[in-house]
Amino acid sequence: MNSAEAAQIPDAAALSEYDPAIVLEASRDRGEVTLVIAPAHIRHAAELLKARRGYLFLSDVTAVDRYPSEPRFEVIYHLLCHERKERLRLKCRLPGEDPQIESVSGVWRAANWYEREVFDMFGIRFTGHPDLRRILMPEDWEGHPLRKDYPVTGYR
Amino acid sequence: MADAATAGARTLTLNMGPQHPSTHGVLRLILELDGETVVRATPEIGYLHTGIEKSCEDKTYHQAITLTDRIDYLSPLTNNLCYVLAVEKLLGLEPPPRAVWTRVLLNELTRIASHLVWLGTHAIDIGAMSVFLYCFREREEILKIFELVSGQRMMTSYFRVGGLAVEPPPELLPRVKKFLDYFPDRVAEYEELLTRNPIWISRTKGVGVLRKEDALDFGVTGPSARGSGIDWDLRRDMPYSGYEQFQFEVPVRQEGDVYARYLVRLEEIRQSIRIVRQAMEGMPAGPVMAERKGVILPQREKMKTEMEALIYHFKIVTEGYRVPAGEVYQAVESPRGEMGYYVVSDGTSHPYRVKVRSPSFANLQALPKIAEGRMVADLIACIGSIDIVLGEIDR
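First, a word on scope: everything that follows refers to the structure included in this document. Only a predicted model underlies this, so the values are computations on that prediction, with no experimental measurement involved. (Residues numbered from 1 in each chain as written. Chains lettered and ligands numbered in written order. Predicted model: local features only at pLDDT ≥ 70, side-chain atom pairs only at ≥ 80, totals over all residues. Heavy atoms only, no water.)

Once that is clear, we can look at the overall build of chain A. When helices and strands are counted, chain A shows four helices and seven strands. Counting only C-alpha atoms and orienting by the principal axes, one finds that chain A spans roughly 50 × 30 × 25 Å. Relative to its full complement of 156 residues, chain A shows a buried share of 53%. Intrachain contacts of chain A at a sequence separation of at least 6 include 47% that bridge at least 24 residues. Of the roughly 7,000 Å² of accessible surface on chain A, 49% is carried by carbon and sulfur atoms. (Helix = DSSP H or I, 4+ residues; strand = E, 2+ residues; numbered from the N terminus. Buried < 20%, exposed > 50% of the residue type's maximum accessible area, 1.4 Å probe, protein only. Contact = heavy atoms within 4.5 Å. Areas by Shrake-Rupley, 256 points an atom, 1.4 Å probe, with all protein chains shown as cover.)

Set out below in structure tokens:
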């Protein structure tokens with residue numbers, strides 16, 4: 001990421017200052033800031049943002065399936081800082097083959113169920129998650145319904 | 001309470017729900033009990049999962065509006081609002097002032113209706129039968145107002161991208177005024193029945209305490225968080241849909257117990273009355289729909305006289321309007337907390353991904369925290385106090 005972009009987005013600058021490998025891209029679109037984080041650094045980035053940038057609240061964790069393009073999955077985190085009244089979106093790109101990423105449930109406990117839902121719907125594994133089970137679908141369900149190659153109707 | 005070493009041998013596992021009137025829908029709780037004390041409560045959800053997010057991907061932006069009603073069936077208009085705001089943000093479209101004010105008015109009525117269902121069911125859970133009947137009597141009037149504007153009592157689907165589905169009928173404001181004339185007295189009546197009622201107090205005060213740090217950590221929002229001292233309301237702190245033009249207060253209590261959450265919601269009803277009154281009195285005149293070629297349906301009259309309007313009408317109805325590529329996260333303050341829609345567009349007329357951040361989902365996650373260590377009977381009060389709607393938890 002070039003330094004000019006980072007300078008305009010303080011959150012990106014704060015992370016890059018600590019370790020330039022964390023933030024891959026930073027952008028602002030329709031007033032919303034998105035940081036693309038290197039998947040290996042997500043836990044670290046989450047800790048830093050919580051401790052140093054005041055993002056005490058995790059609004060949401062979700063994913064987007066970009067099938068058939070690669071990297072296939074995007075894991076999205078929506079953070080909220082009450083003090084500055086700012087939101088931040090983190091994005092991690094994961095491959096279609098055995099997608100996994102470190103859990104942030106140790107940083108925000110709210111992530112526990114959000115990550116279970118992403119696992120249930122997309123089949124993305126969260127390493128270090130305390131209780132990674134299906135949450136909405138029955139336990140013996142096959143497949144991950146929100147993947148783009150999962151049909152909307154009809155018998156599978 | 002049993003000490004940890006012998007707890008396993010003496011506990012009883014009890015299955016509560018999914019068919020249980022006090023779980024407010026189809027929530028299943030697996031309880032580990034030591035006598036009547038809850039040692040562990042594990043919520044199992046998903047019984048109402050209908051794949052709404054997946055269905056949204058298969059619909060056009062316009063068609064998906066009807067699905068949003070079904071997410072939180074106690075506050076359908078809040079969901080409509082959140083979704084259309086998200087799509088409007090993607091499109092860069094500004095609805096006209098009259099539409100914005102009508103949306104606020106109806107949203108606050110929704111909040112009142114939702115809180116009335118909560119109060120009634122919460123009270124009946126704890127044993128106050130008559131409150132339930134009174135609350136539903138008033139809610140009925142609000143539903144009639146919804147029927148008047150949209151033709152539907154519950155699944156209103158009244159908001160459109162760019163404004164409102166149809167012009168609100170002229171009877172709307174007089175009808176709302178009539179309702180507001182007597183409703184504040186009714187709220188006082190509920191208070192008389194409950195607030196200083198010794199049974200109510202002993203069932204709710206000091207019960208199900210949620211500490212501020214836990215609330216923040218678990219992502220609890222809305223009245224449940226404000227009852228724990230988190231002074232945060234999206235309407236005031238990150239205003240959307242013109243809320244910055246309205247005066248209201250955000251009630252906050254520090255105690256974090258069931259009683260505090262009750263007081264917060266009751267005060268919110270009063271504040272919503274204030275907002276509805278302001279919206280009613282300051283209602284601007286003008287159109288209720290924005291104008292944009294290719295996105296908003298042309299006016300009926302133009303279709304009869306202009307070829308271009310007819311073509312656009314045909315195109316919008318048959319294939320929908322295209323939304324520029326991008327992604328937005330739009331959050332609104334629903335009666336239960338932060339309701340957020342994350343909409344991803346790939347430039348076509350169908351949403352690529354719609355994710356609903358539902359407040360109840362996060363709030364329910366904190367239930368074991370507030371219920372463990374308490375009696376089974378208190379669990380009922382705890383579930384009621386976080387005001388969950390299973391429709392939006394399971395989606």
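Paired through their backbone hydrogen bonds, the strands of a sheet run either parallel or antiparallel. Residue and element names in this part refer to chain A. The strand order across the open sheet formed by five strands is E1-E2-E5-E4-E3, and the pairing between neighbours is mixed. Two strands bound the open sheet, and with one partner strand each, they are strand E1 (23-29) and strand E3 (57-65). Neighbouring strand axes in the sheet, compared pairwise and without regard to direction, differ in orientation by 20° on average. As paired strands, strand E2 (residues 32-37) and strand E5 (residues 86-94) are joined by three bridges and run parallel to one another. (Pairing = 2+ DSSP bridges. Axes fitted to C-alpha atoms, helices over the stretch in contact; angles between N-to-C directions.)

Contact residues are listed per partner, giving 44 residues for chain B and 47 residues for chain A. If you sort the residues of chain B by the area they bury against chain A, Lys54, Asp217 and Tyr352 of chain B come out on top, with a joint share of 17%. The partner of Arg109 of chain A in a salt bridge is Asp217 of chain B, and the shortest N-O contact between them spans 2.8 Å. At the junction of chain B with chain A, the criterion picks out 28 residue pairs in polar contact (both at pLDDT 80 or more). Sorting elements by how many residues they give to the side of chain B that touches chain A places strand E6 (residues 326-334) of chain B first, with five residues. (Buried area = accessible area lost by both parts, 1.4 Å probe. Salt bridge = Lys/Arg side-chain N within 4 Å of Asp/Glu carboxyl O. Polar contact = N/O pair within 3.5 Å; in protein donor to acceptor, adjacent residues only side chain to side chain.)

This paragraph deals with the side chain of Arg134 of chain A. Residue and element names in this part refer to chain A. Here Arg134 lies in the segment after strand E7 (125-127). Overall, the relative accessible area of 12% leaves Arg134 in the buried class. A polar side-chain atom of Arg134 sits 3.1 Å from the main-chain carbonyl oxygen of Trp141. Side-chain polar atoms of Arg134 contact the backbone oxygen of Gly143, separated by 2.8 Å. Ignoring anything within four residues of it in the chain, the contact list for Arg134 reads Arg116, Phe119, Asp120, Glu139, Trp141, Glu142, Gly143 and His144.

Before going further, it helps to spend a moment on the pairing of E5 of chain A. Note: strand E4 (residues 73-81) of chain A against E5 of chain A, nine bridges, orientation antiparallel. What sits directly across from Leu79 of chain A, in E5 of chain A, is Leu88 of chain A.

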